[in-house]
Structures are given as C-alpha cells and as structure tokens.
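Residue-level structural notes
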Amino acid sequence: MTTETALQRHESQPATVAQEQPQDAVTRQRVFRPVTNIYETDEAFFIYAEVPGTTADRIDITLEQNVLSINAAVPDRYQSISRFWRNEFAVGNYVRSFRLGENADPESISAEYRDGILMVRVAKTAESRPRRIEVRHA
Amino acid sequence: MLTRIAMTPALNQMQQEMDRLFETVFSAAGRPHDAGERPRQDFAPAFPPLNVWEDENHVYVEAELPGITAENIDLSVLGGELTISGHRRMTLPENATIVRHECGNYEFRRPIRLPSSVNAESIEPALDNGVLTITMPKTPQAKARRIEVRTGSPSSSDGRSN
C-alpha cells in the first residue's frame, strides 16, 4: 500500500451511525469523555462540560447517590461526507460521570447548554450549607 | 526537537507537514516574532483540530470551539490560506473553589492552507453550539475543472481530426 503524500485527501471512516436517536447512537457511535471543570461554592456545585455539536434535548443528566452522570448524544454531521482534505477530529457522543459530595441535593439540579458548554448546577442540601451566625452587641 | 529515527514514509510525511505548518505560522506573521515577544503558538500550532472538505462550489472548514463566543473569534483569508484565531475567557461563579480543572483560558491561532482558492469577500462563518463552520465559495478559476467536450463541426479550431 503506497503512502499518500501530505496534501492528498484522507478518506474518512465510513459512518456506522444510526439515525438521531440517543439510545441507538450510544451503542453504535464513538464515545468521548468531555473536558470538564468543576467548581464549588457554599451553595452549590457547578459542572462545566464541553459538549459541542449537540442540542439541549439530546443531553441526559442524572444524579443518583451523589453520582452525576452526563450523557449527550451528538448527531453525526459528517454522515454524508466521504472524503476530507483534513480530518483531525471525529464526532461522537459524550459520556461521563462524577461523584459529588454527600451534600449534593438531587431535588435541585438545573442545567443550561450554551455555546457548546453544558453547565450543571447542583445545589447543596440546606443543612449542609454553612450558616452564618450573627453576633450582636450586648 | 524532532529526532530522526528510522524515517519511514509516514514519519517523513509528518516531518514535512510539521515543517510546512511552522512555515505558514512564521510567514503569516511576516517574521518569526517581534524582538522581545514570543508568539504563544511556537510549540502548539495545531489547535484547534480542523476538518476540511469541499464540494463543487464551496470549501468548508470546521472546528469545535466550545465556550467561545463569536466576538472572541477572528477569521482572515489571504490567498489560499485561512487563519482562525481567538481566545477563550471563562466566567466562573463567584467565590468558587476549584474541584476539577481540565481547561482554562487560552488563546489560539491556526493558519490552514485551503485546497482550492476561495473568494475572501464572501466567507460565511457559522457558530452553532460550539461548532464553528466556515463556508467559503470557490473562485471561478477553482471551480472550472470540467472541460467541455464540444460536438462542433470538424472545422473547429481544436485541432482534432474527424
């Protein structure tokens, strides 16, 4: 097999993706772990996951026993393209889980998807939040 | 700092690509760098990863830039080369402590040679959920690849005998 020189076309791998259904896509498409930053304040945990190329309705978030799971189905937008001049990244679903503190409150999770970033806010249970005690002048 | 081990064709090709990549970075600036100023992308010229493809009328370049808004991305086309540059500035919640930090603020600059020459006046960038797709119409010269076979009379000037 001859080696192609640098500027020749690269054939992308044939797509084996089903239609845009999260269930099927997860089993038959590539899966990636999204780059994620996690921050914490007194009130809540904030999880920022990089999941570009999808939509809010394709993202599934669960919090079970302090484990936050993110599952984002990403439609294969390259399905109809067979030849690339450059093919430096692939498109696939994002799956990742995190163990949060025991004080993560499953009753109050909110999430927002903007600019390809999924931001999940998990409030801490009320008892666990530090309470400030006011010192009054006698 | 590339050491030459057995130069298989694949490594040779990689070497050439690296040379070419560095070359385009430097030539785009006009000079390696200003005195006293080192460009950040000396050692990491290949970010963001790009997909490039074309069809009959357009060249497409796509990059994934999550968390970066349109005003922080710059595009320029000169000749047959597109340069994508910009930076990411993250906004954190107030008084937050970091539990996990896998990505911070960064700048990037990536020049890329296009496979066909394009009309710089009518680039259409689209930023959708962190995916930047740049659609560039080809110049008429780049499109004219089909050679029409005329079915004219034998006396036409193309020199063919009947």
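Use the structure listed above.
Positions within a chain are numbered from 1, following the residues in the order the chain's sequence is written. Chains carry letters and ligands carry numbers; both start at the beginning, A for chains and 1 for ligands, and go up in the order they are written. Reporting of local features is limited, given that this is a predicted model, to residues whose pLDDT is at least 70; pairs of side-chain atoms are given and counted only at 80 or more, and all residues count toward the totals for whole chains, interfaces and linings. To get the side-chain values, take all heavy atoms of the structure and skip hydrogens and water.

1. Topic: the side chain of T125(A)
Residues and elements named next belong to chain A.
- Inspection of the secondary structure puts T125 in the segment after β11 (117-124).
- Summary of the burial criterion: residues with accessible area below 20% of their type's maximum are buried, those above 50% are exposed, and those between are partly exposed, where the area comes from a 1.4 Å probe applied to protein chains only. Using a relative accessible area of 19% as the deciding quantity, one classes T125 as buried.
- When neighbours within four sequence positions are excluded, T125 is seen to be in contact with N103, A104 and D105. Secondary structure elements are defined from DSSP: runs of H or I of at least 4 residues count as helices, runs of E of at least 2 residues count as strands, and each element is numbered from the N terminus. Note on contacts: a residue pair is in contact if any heavy atoms of the two residues lie within 4.5 Å.

2. Some details on the pattern of salt bridges
- We count a salt bridge whenever a side-chain nitrogen from Lys or Arg sits within 4 Å of a carboxyl oxygen from Asp or Glu. For the coordinates displayed, the defined rule picks out 11 salt bridges over all chains.
- As a salt-bridge pair, R100(B) and E102(B) come within 2.9 Å of each other at their nearest N and O atoms.
- For R100(B), a relative accessible area of 35% corresponds to the partly exposed category.
- Connected through shared salt-bridge partners, R77(A), E62(B) and E64(B) make up one network.

3. Quick word on the sheet that holds strand β2 (residues 31-32) of chain A
Residue and element names in this part refer to chain A.
- Two strands pair under a simple rule: DSSP has to find at least two bridges between them. Spatially, β2-β9-β6-β5 is the arrangement adopted by the four strands of the open sheet, whose pairing is mixed. What marks the edges here is a single partner per strand, and that holds for β2 and β5 (59-64).
- For β2 and strand β9 (residues 93-99), the ladder comprises two bridges, and the chain directions are parallel. Counterpart to F32 in the pairing with β9 is Y94.

4. Things to note about the interface of chain A and chain B
- In this complex, chain A contributes 37 residues to the contact, which on the side of chain B involves 39 residues.
- Here the buried area means the combined drop in accessible surface, using a 1.4 Å probe, for two parts upon being joined, counting both sides. In total, about 3,300 Å² of surface goes out of reach between chain A and chain B, with carbon and sulfur atoms giving 52% of it.
- On the surface where chain A and chain B come into contact, there are five salt bridges.
- For the purposes of these results, a polar contact is taken to be a pair of N or O atoms within 3.5 Å, where, inside protein, one atom must be able to donate a hydrogen and its partner to accept one; residues adjacent in sequence count only when each atom of the pair is a side-chain atom. Across the chain A-chain B interface, the total number found is 23 residue pairs in polar contact (both at pLDDT 80 or more).
- Elements with a contribution of two residues or more to the side of chain A that touches chain B: β3 (36-40), β4 (44-50), β7 (83-84), β8 (86-87) and β9 of chain A.
- Of all the elements, β3(A) adds the most residues to the side of chain A that touches chain B, at five residues.
- Taken together, the residues of the side of chain A that touches chain B break down into 18 nonpolar, nine polar and 10 charged.
- One ladder, built from three bridges, connects β3(A) with strand β5 (residues 97-100) of chain B; its direction is antiparallel. Within β5(B), the residue paired with I38(A) across the bridge is R100(B). Amino acids are sorted into nonpolar (Ala, Val, Leu, Ile, Met, Phe, Trp, Tyr, Cys and Pro), charged (Asp, Glu, Lys and Arg) and polar (every other residue, Gly among them).

5. Things to note about the sheet that holds strand β10 (residues 104-114) of chain A
- Taken in spatial order, the five strands of this open sheet run β10(A)-β11(A)-β4(A)-β3(A)-β5(B), and their pairing is antiparallel. Two strands in the sheet have a free side with no partner beyond their single neighbour: β10 of chain A together with β5 of chain B. In this sheet, adjacent strand axes meet at a mean angle of 20° when their direction is disregarded. A fitted line through C-alpha atoms serves as each axis, taken over the contacting stretch for helices, and the angle formed by two N-to-C directions is quoted from 0 to 180°.

6. Some words on the environment of N95(B)
- For N95(B), the location among the structural elements is in the loop between β4 (81-88) and β5.
- Residues in contact with N95(B), not counting those within four places in the same chain, are E40(A) and T41(A).

7. Quick notes on unusual backbone geometry
Residue and element names in this part refer to chain A.
- One non-glycine residue, Q65, lies in positive phi territory at about 50°.
- Position of Q65 relative to the elements: it lies in the loop between β5 and β6 (67-72).
- The phi dihedral of N66 is positive, around 70°, even though this residue is not glycine.

8. Describing the side chain of R96(A)
- You can see R96(A) is positioned in strand β9.
- Residue classification places R96(A) among the buried residues on the basis of a relative accessible area of 6%.
- One polar contact links R96(A) to E102(B), side chain to side chain, over a distance of 2.8 Å.
- With near-sequence residues (within four places) excluded, R96(A) lies in contact with R33(A), P34(A), V35(A), T36(A), L68(A), S69(A), I70(A), R100(B) and E102(B).

9. Regarding the pairing of β5(A)
Residues and elements named next belong to chain A.
- Bridge count between β5 and β6: six bridges; the pairing is antiparallel. Bridging across to β6, L63 finds its partner in L68.
- The antiparallel pairing of β5 with β6 creates a hairpin that spans two residues between the two strands, and Q65 there sits at a positive phi of about 50°.

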